[in-house]
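Observations on the three-dimensional arrangement
Each chain, letter by letter, is given below.
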Amino acid sequence: MDLKENTIANNAAELTRRLKLDRILTKKNMLAFIFAFFRYVLLIGLGFIILFPFISKITTSFMPLIDTQDPTVVFIPRNPSLVNYIRILTETDILKGAMMSFLTSILYAVFTTASCSVVAYGLSKFKLKISGLITALIVFTILVPPQTVIVSIVKYFKYFNMGVGFYLPFLNLGTGDITNTPWPLIILGITGFGFRAGLYTLIMRQFFNGVPDQLIEAAYVDGSGVTKTFLRIIMPLSVPVLMTVFLFSFCWQWTDIFYSRVLFEEAPTIATSVFALWDQITVGQGIINTHNTIIVNTASLIAIAPLIVLFLFCQKAFVQGIERSGIVG
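Before going into details, it helps to say that this report is about the structure given with it. (Residues numbered from 1 in each chain as written. Predicted model: local features only at pLDDT ≥ 70, side-chain atom pairs only at ≥ 80, totals over all residues. Heavy atoms only, no water.)

**Here's the deal with the overall build of the protein**
- In terms of regular secondary structure, the protein is built from 14 helices and zero strands.
- Written out in order from the N terminus, the α and β elements of the protein read α-α-α-α-α-α-α-α-α-α-α-α-α-α.
- Counting over 329 residues, the protein shows a buried share of 36%.
- Long-range contacts, defined as pairs at least 24 residues apart, comprise 68% of the intrachain contacts of the protein with a sequence gap of at least 6.
- Taken as a whole, the protein presents about 20500 Å² of accessible surface, with 69% of it coming from carbon and sulfur. (Helix = DSSP H or I, 4+ residues; strand = E, 2+ residues; numbered from the N terminus. Buried < 20%, exposed > 50% of the residue type's maximum accessible area, 1.4 Å probe, protein only. Contact = heavy atoms within 4.5 Å. Areas by Shrake-Rupley, 256 points an atom, 1.4 Å probe, with all protein chains shown as cover.)

Set out below in structure tokens:
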């Protein structure tokens with residue numbers, strides 16, 4: 001009888017314990033659900049705030065003039081048409097600016113990536129007494145506003161003479177004005193003085209710091225020199241970060257407006273073409289209406305479309321470069 005009573009008591013105690021545990025788990029699950037709910041609501045709200053202007057530009061770019069004059073049409077076109085795209089491509093010099101931007105951006109990105117990788121490798125793997133000073137100067141170049149040096153840069157390329165008046169007629173590079181050509185960006189890229197080159201150097205230096213020194217020493221033991229080790233061993237390992245720096249430099253140069261307006265005053269880039277279209281509407285016509293705004297927005301979509309396509313093809317290498325460089329850590 002006592003055994004039976006003890007069994008019943010134990011079962012009752014076990015049942016009570018499980019009920020308490022179920023209540024605790026239920027409360028935890030409810031709190032987790034509430035937290036997850038508000039978190040997703042916040043993320044969806046932030047995503048909507050970020051994406052809404054871009055989505056509205058896309059939808060309104062297909063609006064013809066008749067839809068802009070209809071007060072019942074807000075964001076979704078009632079008579080979708082490609083007339084805005086056709087008008088921009090045929091009546092403006094945006095295609096000419098795109099060709100100029102592609103040429104300058106690709107050359108600048110290639111030479112800047114190459115020069116910054118050499119500097120970053122030297123700072124990372126060669127123990128120099130002035131490495132700290134050089135790194136501090138690189139950081140200083142990032143902090144200096146571009147407005148403080150733009151006058152000197154423009155003056156240098158307006159009266160360019162290669163330092164000793166050396167002339168290369170077959171390159172169209174010598175004494176005189178070399179603005180409105182890709183040469184200023186090529187020279188800045190080769191010498192490592194390009195725009196935001198300091199940031200690119202720090203990114204690659206951080207990556208090279210993670211490359212084991214034993215790998216380089218093993219290459220030296222096998223008879224490889226410094227140049228051969230850098231080109232045949234370090235560079236293949238650095239493809240993700242090189243791709244990241246290349247994409248950064250290409251995209252920033254493609255969308256640059258500050259330097260392009262100064263160095264390419266007579267040779268429009270795609271960014272200056274969009275701004276010229278806006279100036280033409282606001283200054284030339286003196287009227288800012290819905291349709292004119294849609295025209296400018298459509299031109300801006302055409303300008304950033306190549307960057308979106310480029311990112312889609314290079315997304316994997318770009319993300320790998322960001323992770324391995326440690327700039328998000």
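Having seen the structure, we can now continue with the description.
**Overview of empty space enclosed by the protein**
- What the rule picks out here adds up to one cavity of 30 Å³ or more.
- Size it by volume and the largest cavity reaches roughly 40 Å³.
- If you trace the largest cavity, you find it lined by Tyr108, Phe195, Arg196, Tyr200, Trp252, Gln253, Asp256 and Tyr259.
- Of the residues that constitute the lining of the largest cavity, the class distribution is five nonpolar, one polar and two charged. (1 Å grid on protein atoms, 1.4 Å probe; cavity = no way out; pocket = protein on both sides within 12 Å on 5 of 7 lines; lining within 4 Å. Points joined across faces, edges and corners; volume = space filled by probe spheres on them. Nonpolar A, V, L, I, M, F, W, Y, C, P; charged D, E, K, R; others polar.)

**Quick notes on the pattern of salt bridges**
- Within this structure, the stated rule accounts for two salt bridges.
- Between Arg87 and Glu91 there is a salt bridge, with its nearest N and O atoms 3.3 Å apart. Pair noted here: Arg87 and Glu91 are both in helix α3 (residues 83–91), with a separation of four residues, about one helical turn.
- Residue Arg87 is classed as partly exposed on the basis of its relative accessible area of 31%. (Salt bridge = Lys/Arg side-chain N within 4 Å of Asp/Glu carboxyl O.)

**Focus on the packing of aromatic side chains**
- Across all of its chains, the model carries 16 aromatic pairs by this definition.
- Seen from their ring centres, Phe102 and Phe250 are 6.4 Å apart, and the 75 degrees between their planes marks the pair as edge-to-face. Taken together, the residues span a long stretch of sequence, with Phe102 in helix α4 (residues 94–125) and Phe250 in helix α11 (residues 239–254) at a distance of 148 residues.
- In this structure, Arg39 is placed above the aromatic ring of Tyr40, and the distance from its NZ or CZ to the ring centre is 5.3 Å.
- Against the face of Trp252 rests Arg196, its NZ or CZ located 4.6 Å from the ring centre. (Phe/Tyr/Trp six-rings, centres within 6.5 Å; stacked < 30°, edge-to-face > 60°. Lys NZ or Arg CZ within 6 Å of the ring centre and 35° of its normal.)

**With respect to the packing of helix α5 (residues 131–143) against helix α8 (residues 197–209)**
- Direction vectors running N to C along α5 and α8 enclose 135 degrees, while the axes themselves pass 8 Å from each other. Relative to α8, the element α5 is oriented oblique. Listed contacts from α8 to Thr135, Ile138, Val139, Thr141 and Ile142 of α5 are Gly198, Leu199, Thr201, Leu202 and Arg205.
- In terms of residue class, the contact of α5 with α8 is made up of five nonpolar, four polar and one charged. (Axes fitted to C-alpha atoms, helices over the stretch in contact; angles between N-to-C directions. Parallel < 35°, antiparallel > 145°, perpendicular 65-115°, else oblique.)

**Quick look at the layout of surface pockets**
- Computed from the structure, the largest pocket encloses a volume of approximately 820 Å³.
- At the level of elements, α4, α5, α6 (150–158), α7 (183–191) and α8 are the ones that each hand at least two residues to the lining of the largest pocket.
- By residue class, the composition of the lining of the largest pocket is 19 nonpolar, eight polar and two charged.

**Some remarks on unusual backbone geometry**
- Positive phi is not limited to glycine here, since Asn180 has a value of about 65 degrees.
- Residue position: Asn180 is located in the loop between α6 and α7.
- Not every positive phi belongs to a glycine, and Arg196 is a case in point at roughly 65 degrees.
- Position of Arg196 among the secondary structure elements: in the loop between α7 and α8.

**Things to note about the side chain of Ser260**
- Within the fold, Ser260 resides in helix α12 (residues 258–263).
- Owing to a relative accessible area of 1%, Ser260 belongs among the buried residues under this scheme.
- If we skip the residues at most four places from it in the chain, Ser260 touches Gln253, Glu265, Thr269 and Thr272.

**Topic: α7**
- Listed in full, the buried residues belonging to α7 are Pro184, Leu185, Ile186, Ile187, Leu188 and Gly189.
- Of the surrounding elements, those touching the buried residues of α7 are α4, α6, α11 and α12.
- Looking one or two residues beyond α7, the residue adopting positive phi is Gly192, at roughly 80 degrees.

**Details of the side chain of Thr272**
- Relative to the helices and strands, Thr272 resides in helix α13 (residues 270–285).
- For Thr272, a relative accessible area of 12% translates into the label buried.
- At a separation of 2.7 Å, a polar atom in the side chain of Thr272 contacts the main-chain amide nitrogen of Thr269.
- Filtering out sequence-adjacent residues up to four positions away, Thr272 remains in contact with Ile257, Ser260 and Arg261. (Polar contact = N/O pair within 3.5 Å; in protein donor to acceptor, adjacent residues only side chain to side chain.)

**As for the nonpolar core**
- By size, the foremost hydrophobic cluster in this structure holds 33 residues, and its most contacted members are Phe157, Phe195, Met204, Phe208, Ile234 and Leu263.
- Breaking this core down by element, the ones donating at least two residues are α4, α6, α7, α8, α10 (226–237), α11 and α12.
- Of all the elements, α8 adds the most residues to this core, at six residues.
- Apart from the residues lying within four places of it in its own chain, the contact partners of Phe208 are Ser117, Ala120, Tyr121, Ser124, Lys125, Ile234, Met235 and Ser238.
- Counting residues in hydrophobic clusters, the runner-up holds 20 residues, among them Leu247, Ala299, Ala303 and Leu307. (Core = buried A, V, L, I, M, F, W, Y, C linked by side-chain atoms within 4.5 Å.)

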